[in-house]
Amino acid sequence: MAMLEPTVTPHRDRPRFGFNETAEKLNGRLAMLAFVTLIAFELTTHEGFLHWLGLV
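Overview of the structure. Residue numbering note: each chain is counted from 1, following its sequence as written. The model is predicted, so local features are restricted to residues of pLDDT at least 70 and side-chain atom pairs to those at 80 or more, both for listing and for counting; the totals for chains, interfaces and linings are taken over all residues. The basis for every side-chain value is the complete set of heavy atoms in the structure, and neither hydrogens nor water enter the calculation.

**Considerations on the overall build of the protein chain**
Okay, step 1: A run of H or I in DSSP becomes a helix once it reaches four residues, and a run of E becomes a strand once it reaches two; helices and strands are each numbered from the N terminus. Within the protein chain one finds two helices and zero strands.
Okay, step 2: Expected size for 56 residues packed as a compact globule is a radius of gyration near 10 Å; at 23 Å, the protein chain overshoots this value by more than 25%.
Okay, step 3: C-alpha extents for the protein chain along the principal axes are approximately 75 × 20 × 15 Å.
Okay, step 4: A total of 56 residues make up the protein chain; the buried ones form 4% of that total.
Okay, step 5: Each accessible area value is a Shrake-Rupley result obtained with a 1.4 Å probe; residue values ignore everything except the protein chains displayed when judging cover. In the form shown here, the protein chain has an accessible surface area of approximately 6000 Å², with 66% of it arising from carbon and sulfur atoms. For the radius of gyration, the atom set is restricted to C-alpha positions; the globular benchmark scales as 2.2 Å times the number of residues to the power 0.38. Burial classes: relative accessible area under 20% of the type maximum marks a residue as buried, over 50% as exposed, and values in between as partly exposed (1.4 Å probe, protein chains only).

Here you go:
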């Protein structure tokens, strides 16, 4: 007897909270943007961000 494949794929809502693929992609993209921004900041001001804030 042959196994039948389902004809309809169930619709599942994506999770809105927690560790999901969308959240991880967004976090990674924001981290890359922050890193490039800090590099540009250091190149233009010739000092580190923490030093500029007066924390070091």
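**A few points about a nonpolar patch on the surface**
Okay, step 1: A grouping of L38, F49, L50, W52, L53, L55 and V56 is seen on the molecular surface, where their side chains present a nonpolar patch of about 720 Å² in accessible area.
Okay, step 2: Residue contributions to the nonpolar patch peak at four residues, all from helix 2 (residues 49–53).
Okay, step 3: Take L50: it is sitting in helix 2. Patch definition: residues above 30% relative accessible area lacking any salt bridge, with like charges linked at up to 9 Å and the nonpolar side chains Val, Leu, Ile, Met, Phe, Trp and Tyr linked at up to 5 Å. Every case where a carboxyl oxygen of Asp or Glu lies within 4 Å of a side-chain nitrogen of Lys or Arg is listed as a salt bridge.

**A closer look at unusual backbone geometry**
Okay, step 1: The backbone of H46 sits at a positive phi, close to 60°, despite the residue not being glycine.
Okay, step 2: Note that H46 resides in the loop between helix 1 (21–45) and helix 2.

**As for the pattern of salt bridges**
Where side chains of opposite charge bring their charged atoms close, a pairing between them can arise.
Okay, step 1: Following the criterion strictly, the structure yields one salt bridge and no others.
Okay, step 2: A salt bridge links E21 to K25, with the nearest nitrogen and oxygen atoms 3.4 Å apart. Of this pair, E21 and K25 both sit in helix 1, four residues apart, which is roughly one turn of the helix.

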